[in-house]
Amino acid sequence: MEKTEYQQRFEELFCTYIKREGAQQLLEWLKKTDFFTAPASTKYHCACEQGLVMHSLSVFDTMVGSYFEEGDSMESFAICGLLHDVCKAQFYKVSSRNVKNPETGRWEPQPYYAIDDQFPYGHGEKSVFLIERFLRLKPSEAVAIRWHMGGFDEAARGGSYAISHAYERYPLAVKLHLADLQSTYLKEKGTSVVR
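Everything in this summary refers to the structure shown in the same document. For clarity, every value in this text was computed on a predicted model and none was experimentally measured.

### What about the overall build of the chain?
Argument step 1. Of regular secondary structure, the chain possesses nine helices and two strands.
Argument step 2. The globule rule puts the C-alpha radius of gyration for 195 residues at 16 Å, and the 17 Å found for the chain is close to it.
Argument step 3. On the principal axes, the C-alpha backbone points of the chain span a range of 60 × 40 × 30 Å.
Argument step 4. In the chain, buried positions account for 46% of the 195 residues.
Argument step 5. Across the chain, contacts joining residues at least 24 apart in sequence account for 62% of those joining residues at least 6 apart.
Argument step 6. Within the structure as shown, the chain displays about 10,500 Å² of accessible surface, and the carbon and sulfur contribution to it stands at 51%.

Rendered as C-alpha cells:
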C-alpha cells in the first residue's frame, strides 16, 4: 500500500462502521496527533513510519476475518481493532545512537525509535481513557481494549486475576487479544526497519 492509502483506508473503515456520538471528534483528534505516522513499536513489529496505522488495520482485518461470528457487532470490532493501540499516539520519538559500520569500522549515528511517554497511564487502560474522552465505550469494548495485551500486560505479569475474569466474561476481549497476537507475530514479520 502507498503511504496515503493506510490513512485513507483507516478513515473509510472508521467512518463506515463507527457511528457513535463523538466518533468524528475522535477521528479529528487522531489526525492532530502522530497516529497516522507513528511506529507501532520500537523494534518488534511495524517499527517504521506509519507502523501504528498499519498494525491497527491488520488487527481489524484479522478480527473480522478470523473471529467475526453471527451476533457480533461490526462497530465493536472496528472500535477495538482500529483503536486498541491509540495509546501509542504521541508515545515514540525519533532519536539516534552510534552504530559501528562493519565496512569502515567507524561509529556512525543511526536513527531509532525511542519511547517518550508523556502520559504514563498504562497501555490498554490509557487507550480506553483516550477513546472515552470522545465517545462512550460499551463494557465489552472497554474490557477488550484494556486487556488486549494478555499476558504481556504489566498487571497480568504482576499476578492479577482480572484478565482471566475478563476473558471468561467477554468473548470480544479474547478475540481482540488473539487478533493482536496473530497480527503482531505472524502477519507483521519483517515490517520493522530495525530489529
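### A closer look at the packing of aromatic side chains
Argument step 1. With the rule as written, the count across this model stands at 11 aromatic pairs.
Argument step 2. Between Phe10 and Phe36 the ring centres are 5.2 Å apart and the planes differ by 80 degrees, which places this aromatic pair in the edge-to-face class. Of the two residues, Phe10 sits in helix α1 (residues 3-17) while Phe36 sits in the loop between α2 (23-32) and α3 (51-67), which places them 26 residues apart along the sequence.
Argument step 3. The buried category is assigned to Phe10, whose relative accessible area is 0%.
Argument step 4. The exposure class assigned to Phe36 is buried, which follows from its relative accessible area of 4%.
Argument step 5. Considering the side-chain rings of Phe68 and Phe77, the 5.0 Å spacing of their centres and the 75 degrees angle between planes classify their relative orientation as edge-to-face.
Argument step 6. Judged by relative accessible area, Phe68 falls into the partly exposed class, the value being 34%.

### Regarding the environment of Thr33
Argument step 1. Its place among the elements puts Thr33 in the loop between α2 and α3.
Argument step 2. For Thr33, a relative accessible area of 15% corresponds to the buried category.
Argument step 3. Placed 104 residues apart in sequence, Thr33 and Leu137 show a C-alpha to C-alpha distance of 21 Å.
Argument step 4. When neighbours within four sequence positions are excluded, Thr33 is seen to be in contact with Ala89 and Gln90.
Argument step 5. Reaching out from Thr33, the side chain makes a polar contact with the backbone nitrogen of Phe35 at a distance of 3.1 Å.

### Details of a nonpolar patch on the surface
Argument step 1. Side chains of Phe119, Tyr121 and Phe129 sit close together on the surface and give an oily, nonpolar patch of about 270 Å² of accessible area.
Argument step 2. Tracing the backbone through its elements, the reader meets Phe119 in the loop between β2 (107-115) and α5 (124-132).
Argument step 3. Residue Phe119 is classed as partly exposed on the basis of its relative accessible area, which comes to 31%.

### Concerning the packing of helix α4 (residues 74-83) against helix α9 (residues 171-187)
Argument step 1. Running from N to C, α4 and α9 point in directions that differ by 45 degrees, and their axes come no closer than 10 Å. Comparing their axes, α9 and α4 come out oblique. Our pair here, α4 against α9, has a crossing hand that is right-handed. Of α9, the residues touching α4 (which contributes Ser76, Phe77, Cys80 and Gly81) are Leu172, Lys175 and Leu176.
Argument step 2. Per-class residue counts for the contact of α4 with α9 are four nonpolar, two polar and one charged.

Analysis parameters
- Residues numbered from 1 in each chain as written.
- Predicted model: local features only at pLDDT ≥ 70, side-chain atom pairs only at ≥ 80, totals over all residues.
- Heavy atoms only, no water.
- Helix = DSSP H or I, 4+ residues; strand = E, 2+ residues; numbered from the N terminus.
- Rg over C-alpha atoms; globule rule 2.2 N^0.38 Å.
- Buried < 20%, exposed > 50% of the residue type's maximum accessible area, 1.4 Å probe, protein only.
- Contact = heavy atoms within 4.5 Å.
- Areas by Shrake-Rupley, 256 points an atom, 1.4 Å probe, with all protein chains shown as cover.
- Phe/Tyr/Trp six-rings, centres within 6.5 Å; stacked < 30°, edge-to-face > 60°.
- Polar contact = N/O pair within 3.5 Å; in protein donor to acceptor, adjacent residues only side chain to side chain.
- Patch = residues over 30% accessible without salt bridge, like charges linked within 9 Å, V, L, I, M, F, W, Y side chains within 5 Å.
- Salt bridge = Lys/Arg side-chain N within 4 Å of Asp/Glu carboxyl O.
- Axes fitted to C-alpha atoms, helices over the stretch in contact; angles between N-to-C directions.
- Parallel < 35°, antiparallel > 145°, perpendicular 65-115°, else oblique.
- Left-handed = near helix turned anticlockwise from the far one by under 90°.
- Nonpolar A, V, L, I, M, F, W, Y, C, P; charged D, E, K, R; others polar.

By themselves, these are just geometric observations and shouldn't be taken as functional.
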